[in-house]
Amino acid sequence: MQALTFGDSARKVVAFLLLGAVFVGALALARSARLEPADLVFNNGTEVSTLDPARVTGVPEGRIIKALFEGLVVKHPRTLEALPGMAESWEVSDDGLVYTFHIRPEARWTNDLPVTAHDFVFSWERFLHPATAAEYAYQLWYVVGAEAYTTEVDDEGNPKNDFSTVGIKALDAATLQVTLRNPTPFFMDLMAFYPMFPVNQANIEEMQARYGEEDWEIQWLQPENLVTNGPDTVEYRRVNERIRLRKNADYWDADNVALETIDALAIEQATTGLNMYLTGAAHFVPSVPTTIVKKLMPREDFNPAPYLGTYFYRVNTTKPPFDDPRVRRALALTIDRKAICEKITKAGQIPAGGLVPPGMPGYAGVSMGQGNVALAKELLAEAGFGPEGREFPTIEIHYNTLEAHRDIAEVVGESWRRNLGIKAKLQNQEWKVYLDTQSNLGYDVSRSAWIGDYVDPNTFLDMFVTDGENNKTGWGNERYDLLVALSSAELDPTKRLELLREAEEILIDEMPILPIYYYVTQNLVDPRLGGFHENLQDEHFPKFWYWMSDEELGSKRAQQPESWEQVTSSGPSEGKYAPGFTGPIPSPTGR
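Here the residue index of a chain counts from 1 through its sequence in written order. Side-chain atom pairs in this predicted model are given and counted only at pLDDT of 80 or more, local residue features only at pLDDT of at least 70, and totals for whole chains, interfaces and linings cover all residues. Hydrogens are left out, water is left out, and the side-chain values use all remaining heavy atoms of the structure.

**Some points on the overall build of the protein chain**
Of the regular secondary structure elements, the protein chain holds 18 helices and 20 strands. Burial classification: accessible surface area is computed with a 1.4 Å probe over protein chains only, and a residue below 20% of its type maximum counts as buried, one above 50% as exposed, and the rest as partly exposed. Relative to its full complement of 591 residues, the protein chain shows a buried share of 56%. Pairs of residues are marked as contacts when any of their non-hydrogen atoms sit within 4.5 Å. In the protein chain, 72% of the contacts between residues at least 6 apart in sequence involve partners at least 24 apart. All accessible-area figures derive from a Shrake-Rupley calculation using a 1.4 Å probe, and residue coverage is judged against the displayed protein chains alone. Surface accessibility of the protein chain: about 23900 Å² in total, with carbon and sulfur atoms responsible for 50%. Computing the positive centroid from 54 side-chain charges and the negative centroid from 84, the protein chain places the two 8 Å apart. Helix and strand definitions follow DSSP, with helices as H or I runs of at least four residues and strands as E runs of at least two, each counted in order from the N terminus. Only four residue types enter the charge count: Lys and Arg as positive, Asp and Glu as negative, with His and the chain ends excluded. A single reference atom marks each charge: NZ on Lys, CZ on Arg, CG on Asp, CD on Glu.

**Looking at the side chain of glutamate 300**
Take glutamate 300: it is sitting in the loop between α9 (293-296) and β12 (306-315). Classification of glutamate 300 as buried rests on a relative accessible area of 3%. Beyond its immediate sequence surroundings of up to four residues, glutamate 300 is in contact with Pro527, Arg557, Gln560, Trp564, Glu565, Gln566 and Val567.

**Digging into the packing of helix α4 (residues 117-128) against helix α7 (residues 201-220)**
How two helices sit against one another is set out by the angle between their axes and by the gap between those axes. Between the N-to-C directions of two axes lies an angle of 0 to 180 degrees, each axis being a line fitted to C-alpha atoms and, for a helix, fitted only over the stretch in contact. Running from amino to carboxyl end, α4 crosses α7 at an angle of 25°, the nearest separation of the two axes being 13 Å. The angle between α4 and α7 places the two elements in the roughly parallel class. For the pair α4 and α7, the contacting residues are Asp119, Phe122 and Arg126 in the first and Gln201, Ile204, Trp216, Glu217 and Trp220 in the second. Under this grouping Gly is polar, as are all residues other than the nonpolar Ala, Val, Leu, Ile, Met, Phe, Trp, Tyr, Cys and Pro and the charged Asp, Glu, Lys and Arg. Here the contact of α4 with α7 is built from residues that sort into 4 nonpolar, 1 polar and 3 charged. Any angle that is under 35 degrees is reported as roughly parallel, and any over 145 degrees as roughly antiparallel; angles of 65 to 115 degrees are reported as roughly perpendicular and all others as oblique.

**Remarks on the pairing of strand β1 (residues 40-43)**
Alternating residues of β1 divide into Leu40 and Phe42 and Val41 and Asn43, and every residue in both groups is buried. As defined by bridge partners, β1 adjoins strand β10 (residues 261-265) across 4 bridges and the pair is classed as parallel. The residue bridging valine 41 from the neighbouring strand is aspartate 263, located in β10. For two strands to count as paired, DSSP must find a minimum of two bridges between them.

**Focus on the nonpolar core**
For soluble globular proteins, nonpolar side chains are generally found buried alongside one another. In this structure, Leu72, Phe101, Trp124, Leu176 and Met191 are the most contacted members of the largest nonpolar core, which totals 99 residues. Among the elements that take part in this core, α4 stands out by supplying 7 residues, more than any other. When neighbours within four sequence positions are excluded, methionine 191 is seen to be in contact with Gly71, Leu72, Val73, Phe101, Trp124, Leu140, Met196 and Phe197. Tyr311, Ala332, Leu420 and Tyr517 belong to the second largest nonpolar core, which has 39 residues in total. Throughout this description, the term nonpolar core refers to a set of buried Ala, Val, Leu, Ile, Met, Phe, Trp, Tyr and Cys residues connected via side-chain atoms within 4.5 Å.

**Here we look at helix α3 (residues 59-68)**
With 9 of its 10 residues buried, α3 lies for the most part within the structure. All of the buried residues in α3 are Pro60, Glu61, Gly62, Arg63, Ile64, Ile65, Lys66, Ala67 and Leu68.

**Structural notes on the confidence of the model for the protein chain**
Along the chain, pLDDT gives the predictor's confidence residue by residue, from 0 to 100. Per-residue confidence for the protein chain gives a mean pLDDT of 91; residues scoring 70 or more make up 93%. Confidence drops under pLDDT 50 across residues 1-30; counting only partners more than four residues distant or on other chains, this segment forms 47 contacts.

**Description of the sheet that holds β12**
The 6 strands are arranged β13-β17-β12-β16-β14-β15 in an open sheet whose pairing can be described as mixed. In this open sheet, the two strands that pair with only one neighbour each are β13 (350-351) and β15 (424-429). In the sheet, β13 pairs with strand β17 (residues 513-520) via 2 bridges, with the strands oriented antiparallel. Paired with isoleucine 350 across the two strands is tyrosine 518, which belongs to β17.

**Structural notes on the pattern of salt bridges**
Working definition: two side chains of opposite charge can pair if their charged atoms are close together. Should a side-chain nitrogen of Lys or Arg be within 4 Å of a carboxyl oxygen of Asp or Glu, the pair is scored as a salt bridge. Counting across every chain of the model gives 30 salt bridges. Between arginine 55 and aspartate 52 there is a salt bridge, with its nearest N and O atoms 3.4 Å apart. On the accessibility criterion, aspartate 52 (1% relative accessible area) is buried. Between aspartate 263 and arginine 242 there is a salt bridge, and its shortest N-O distance comes to 2.6 Å. Linking aspartate 263 in strand β10 with arginine 242 in strand β9 (residues 242-247), this pair joins segments that are 21 residues apart in sequence.

**Comments concerning the packing of aromatic side chains**
Ring pairs (aromatic) are described by centroid distance and by the angle formed between their planes. Think of it this way: a Phe, Tyr or Trp ring, Trp meaning its six-membered ring, pairs with another when their centres are within 6.5 Å, and the plane angle makes it stacked under 30 degrees, edge-to-face over 60, tilted otherwise. Counted according to the given criterion, the structure contains 29 aromatic pairs. An aromatic cluster is built from Tyr136, Tyr138, Phe193, Tyr194 and Trp450, whose rings are joined through pairwise contacts. Sitting over the face of the ring of phenylalanine 541, lysine 66 holds its NZ or CZ atom 5.2 Å from the ring centroid. Counted as over-ring charges are cases with an Arg CZ or a Lys NZ within 6 Å of the ring centre that also lie within 35 degrees of the ring normal. Here arginine 104 stacks its cationic end above the ring of tryptophan 252, 3.4 Å away from the centre of that ring.

**Things to note about the side chain of threonine 184**
Tracing the chain through its elements places threonine 184 in the loop between β7 (175-179) and α6 (187-191). Under this definition, polar contacts are N or O atom pairs within 3.5 Å; protein pairs additionally need one hydrogen-donor-capable and one acceptor-capable atom, and for neighbouring residues in sequence, both atoms have to be side-chain atoms. At 3.0 Å, the side chain of threonine 184 and the backbone oxygen of asparagine 182 are in polar contact. Leaving out residues up to four positions away in the same chain, threonine 184 has contacts with Tyr99 and Tyr142.

**So, the environment of alanine 54**
Secondary-structure assignment places alanine 54 in the loop between β1 and α3. Residue class for alanine 54 comes out buried when judged on its relative accessible area of 5%. Separated by 43 residues in the primary sequence, alanine 54 and leucine 97 have C-alpha atoms spaced 24 Å apart. Here alanine 54 is in contact with Arg126, Phe127, Thr132, Ala134 and Pro195, once residues within four sequence places are set aside.

**A few points about the packing of helix α11 (residues 337-345) against helix α13 (residues 403-420)**
Remark: α11 packs on α13, axes separated minimally by 10 Å, with the N-to-C direction vectors making an angle of 145°. As for how α11 packs across α13, the hand of that crossing is right-handed. Packed against α11, whose contacting residues are Ile340, Ile344 and Thr345, the element α13 presents Ala404, Asp407, Ile408, Val411 and Val412 at the interface. Two helices cross in a left-handed way if the nearer one is turned anticlockwise from the farther one by less than a right angle. They cross in a right-handed way if the turn is clockwise.

**A closer look at the sheet that holds strand β5 (residues 98-103)**
Ordered by their spatial adjacency, 4 strands build an open sheet running β4-β5-β7-β6, and the pairing between neighbours is antiparallel. Two strands bound the open sheet, and with one partner strand each, they are β4 (87-92) and β6 (168-172). Here the average twist between neighbouring strands, direction ignored, is 20°. Where α4 meets the sheet, it contacts β5, β6 and β7, and its direction lies at approximately 165° from that of β6.

**Considering the pairing of β9**
Within β9, 5 of the 6 residues are buried, leaving the element largely enclosed by the surrounding structure. When β9 meets β10, the two strands line up antiparallel, connected through 5 bridges. Considered in β10, the bridge of leucine 245 is made with isoleucine 262.

**Observations regarding the environment of glycine 468**
Note that glycine 468 resides in the loop between α15 (458-461) and α16 (478-489). Taking the relative accessible area as the measure of exposure, glycine 468 reaches 19% and is therefore buried. Here the alpha-carbon distance between glycine 468 and tyrosine 138, two residues 330 residues apart in the chain, equals 8.0 Å.

Dropping the structure here:
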């Protein structure tokens, strides 16, 4: 196809990439050739760990959950403001503590039962229950009684408190009332966050009765058993290959959903994903090989944008010598972040000096300073290592399968060898094993990243409170915990951000994490795909996707910079619109 319009040198690079992954790409294409083509195909980057909204934490899982389930609200694809979802409207009390949601009467599950306020009460009780072990449970602890329900347990691990003590109530089948401990400015953002999506109580109870305690969760998530309420259903799933999504004809907003079928591929190699995009076998990939970023920059289908995410390494602070903050700071001070951003990622990423990325309104970030080899050597000597002390043990750098993660790990390891004389070795694991290893603290330092769940520093900082489910470093600090807690209760916006900044200063002083860079998006997207917009959270809801006609694509291109190089689309030239299509996505309503 005529997708390559950026010169002979780029064509040579792409040809090399195609040859380098020809076997994997050919195998994937051969298997997909036996299927009826989907309306849209995208690479999800890996096999998902689960389809249970209460248990997911990863971006790949989130992409699928947002197609299958829907929460009280969804996010506007461009502005990220709350749009009505399962709730057709809502009110907030004058003191900002009580939210009342009105469930739309036409919302139904795929088992033909209505979606009710009781579904949310059931789902959130399950989400908060300690037996579920939801890593994101703390995101509902802004609700009255929720934290105590999760954390105060009896000898058998059951909650000491009845769920009636939690501020989540179904006033009737159509009315959900949520009472917060303190005003929470990002609460509506949380309502669009996939761990808060409901599951069907009758479906779960049927699975428990049919398959028993040990097997019901596995069977529940099989395509033929899973009951959903979102714009799509799972038609079938081929593990380690693809999930096929099919439009849910009973979805309340089905008339505004354009695509009948979507395939989510589970390809971990960015090179293979790129190959499939360039050959028209995929229409969107969320990342590209770092070796070709500069060649892609002039193209209309590659537009890196600021992204609310930070790439960092976690440090296992329970394991000597990484239990010494001087050691952790020495390691942080000697990472060549500039080389990583300029020679590996190459899409405009910014070397990170802290955890919270820039761009947070009213928040002055923290920076540790960088490139101080002399100070790093002094810190190691104080900790008992170096020419006059002990030999530093070899560090194992743990990361999940992706070429860029390997390349970054090599630069980090070389930085430590060159500057500190410390040896490093690499440990690569596939996604599910990698997550387990990280959760169980089975690593020295581990590749990590965090994408903000809402536009507020809290989404980064509350992760590292002592024993937090998403901490995964073994680190804790009482003052840090107190500051994060105080910020949640602080009504003055300026003072609240000051408390969070002080917390970040503690985090960066003690270094349970090693910041590396702040993200930009790296989506390669067919220019004809509509409803897909770069935004600060790189969040994309499949319900809004459609194919532009030649006329609409031409109008879009007329507004692009003339310097952008046009590429040939593999989407349908006639376009594919929703039955109820009336134009651009509307502004947020229903508050």
